[in-house]
Every structure is written in C-alpha cells, then in structure tokens.
Amino acid sequence: MICFGVDEIILQNPAWKTKAIGLVTSDAATTNTGILSRTALVQAGFNIVCLFSPEHGISAKAPDGEAQQNGIDPITNLPIISLYGNKCMPTAQDVENIDLLLFDIPDIGARFYTYLWTLTYVLEASALNHKQLIVLDRPNPVSGNFDAAEGPFMDNTTSSFIGRWNIPIKHSCTLGELALYFNSTKNIGANLTIVPVKNWDRNLFVTDWGTNFVATSPAIQSPNSMHLYPGLCLLEATNVSEGRGSNFSFETVAAPWLQTNEIVSFINQSFGDEIKASSISFTPTSGKYAHTLCKGIHFEVIDPEYFKPLFFGLLIVFMIRAKHPQHFTWAPYKTAVNPSGEDHLSKLLGIPNAQQLFDLPLPQFIANCTKLTHCPGWQEEMESYLRY
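As the structure is a prediction and not an experimental result, all values here were calculated from the model.

Rules used in this analysis
- Residues numbered from 1 in each chain as written.
- Predicted model: local features only at pLDDT ≥ 70, side-chain atom pairs only at ≥ 80, totals over all residues.
- Heavy atoms only, no water.
- Pairing = 2+ DSSP bridges.
- Helix = DSSP H or I, 4+ residues; strand = E, 2+ residues; numbered from the N terminus.
- Axes fitted to C-alpha atoms, helices over the stretch in contact; angles between N-to-C directions.
- Contact = heavy atoms within 4.5 Å.
- Buried < 20%, exposed > 50% of the residue type's maximum accessible area, 1.4 Å probe, protein only.

Asker: Can you help me understand the sheet that holds strand β9 (residues 275–282) in this one?
Answerer: Where strands meet in a sheet, backbone hydrogen bonds hold them as pairs that are either parallel or antiparallel. An order of β8-β10-β9 is seen for the 3 strands of this open sheet, with the pairing classed as antiparallel. One side of each edge strand has no neighbouring strand; the edge strands of this open sheet are β8 (252–255) and β9. With strand direction ignored, the average angle separating the axes of adjacent strands in the sheet is 15°. Strand direction decides the pairing type here: β9 and strand β10 (residues 294–301), joined by 8 bridges, are antiparallel. Note on β10: the bridge partner recorded for Ser 281 is Lys 295. Of the strands in this sheet, β9 and β10 touch helix α7 (residues 261–270), which is tilted by about 160° from β9.

Structure (structure tokens):
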C-alpha cells in the first residue's frame, strides 16, 4: 500500500511537531487508511494552531470558482483562513504566531487544477515571512510517466490562477517535486522540506495504490474523471456541458442540441483501444443547462497508459464546434479569481488567442495540436527535482 507523506511524518514523530503549525489542507487529504489528515495529525500530537483552505474550502465540496470565507473547522475547532477568496497568499499577520507551515493537499496532475498554485503562494509566503514549509507529498494519480506528459507549455502572457508559471498541462510530477522546482527556478528561496511518498513508482495510477478513492473536489468523482480532466476541462470555455451537476462530471460532453451518434462512432473507431464512448441522456442539477434534458457522450478510459487526454479534448471540442455551428459558442467562465471569465480558453491552454486554433482546417488543426501537446525537454528540465 502507498504511504502518503502524512503517513510517513506521523511514523517519524519529528521533534518539531510541538511547534506552532499552520496546516494547509482540506477533506480531500487523508491518510492511506482514510482518516482526515488534520485529524490524524492532531491525534498524533502535532500542535496545529490554524488551518488554511484552498479552492473548494475545507470540505473540498464548495462549487468550482466560488470564493470561500474564513471560518472554524467543525472537525478540529481550529480557525480556518481561506486562500481562495479575498486573497491567495497567507499574509504576515496570518503567520505571525506560526513557527512552520505544513502543506497536505492532493493534486490530479493538471496545470489548471488550482491546488498547485495555492502551494506556490504558500511557498512565497514562507520565504517572505521566514517560516519553514514542509510539503507532505502525494503521488500523481494519473502517473508520473513523462512519456504521458502533454503540453503546451504556458505563454507567460496567459498567466492566471489556473496557470501561474510555465509547465505543461499534464505535468507528470508530484506537488513536492514542483515545489522544489519553483523554489529554485523562481529564486523563491524558501526553507523547504519534502516528506516523500513510500511504495510509489512513476508508472502507478491511483487505482494501483491500494487505497480507497477520495474525491479531490466536487467535480472529480472518480479515477476516470481524473484521466479525462486535462482534455474535457476545455469545455469550461464553451457552452457545452462538462457534466457538472451529474454523476459523471468530466466524463462527458453534453448539451440539449448535441448530436452524438457520429461522434461516438468516430471515437470508438479511432480510439477503440484507449477509450470507449457511448451515448447517454441526463438532466444536470446545476451548471450549464441545469434542469434541462441533455444529450451527451460518456467516455470511459480503457488504457490510461497510452491515452492522451489533452489531444483528445482538443479534438472533441473541434468536432462539436464543426458539427453544430448554429449552436456552439465560446463562453466566459467566471470565478472568484477571474470575475469577468474572459479569455478562459487561452488561460486553460496557456496560449494567447487560443480560439483561433479551432478556425484551422482539420488537417492543419491536427498538425498544430500534435505539435502543441508535445513537450520536449520537460523530463530533462525536472530531472534534478524528481524524488521517485
């Protein structure tokens, strides 16, 4: 069984556990036996004096993009300082009575999943305020295989809270590794320690860990959604539903007007060994087309080792747009950190004027996507920061 960083630090019983600790966490972070990390740490005698929460709040269940407020944790009765609302970075006042910061939040391996960027702000705060930061590392659930990494690398002009700095979309790293990388390459200079995972190698997926699946946020409900997320998240920038408000968010594309048969047939003929597509219908309870019957396509990843989710997502968006010119539109995606919601596709892909890519003829579109999703030199760039 995998031993997460939190399991390891409890076994190590470090002398610093009696210091005043600020823990960045949520209900998505558990031990390998399913106990909430903060509960396990408190029970093991770690002197946690306050909590910091990322997007989706301490419960990991708040809606995507919704600002979260400070509060009191119902589990530990500790104060919670939100890092997804009025601010993204802990202030000097937030950490003045803290001796060190502890970070334990899972990731799903995609650049635009925001927990990574919360970590970078905590990293900067630790350096600015001269506090040690200890990252309790966790495996990448969609593997650390660099052959499966997908670009594009991010253009700095598209920087946002869903992509602050230049890495590929599907990065194949752990958050601990990326913390080491950014601490060095961005010259942050934090006093940073990584508590590594035990019994994980880079070819393992979340289904290989020997632990129960824990949803990392409301719309990531299964390992299947983790595999598809780097591609189907592009639907956020459109009027096509990504399945929010249903039992298969980020496993489907849907709209009341969607014609599914031709796309289903094409996917099953072209990607049959990697993914299975099937027509469905459902009525979402929230999100796009809430309480409206939608026709959709459900996807099941069969071979995650070879499946390329970003290339797949780009192609799906292209096909839906081409087949439904009278219905398909690009759309803003408003969040607490991007209130206008504008340029969401460019922020997701990390390339300026991203919508223009979909104006190309199909052969040129495929060629450009093949080039974009390739990320040469990424493993070599990360080599000295890898821990597994």
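That shown, we press on.
Asker: Quick question: what am I supposed to make of helix α6 (residues 223–232) here?
Answerer: Within α6, 9 of the 10 residues are buried, which leaves it mostly tucked inside the rest of the structure. Looking at α6, one finds that the buried residues are Asn 224, Ser 225, Met 226, His 227, Leu 228, Tyr 229, Pro 230, Gly 231 and Leu 232. The secondary structure elements touched by the buried residues of α6 are β8, β9, β10 and α8 (309–323).

Asker: Sorry if this is basic, but what is going on with unusual backbone geometry here?
Answerer: Here Gly 151 and Pro 152 are connected by a cis peptide whose omega angle stands at 5°. As for its position among the elements, Pro 152 is in the loop between β6 (132–136) and α5 (175–185). Positioned with a positive phi, Asn 187 is a non-glycine residue whose angle comes to about 55°. With phi around 60°, Tyr 289 is a residue other than glycine that occupies positive phi space. Position of Tyr 289 among the secondary structure elements: in the loop between β9 and β10.

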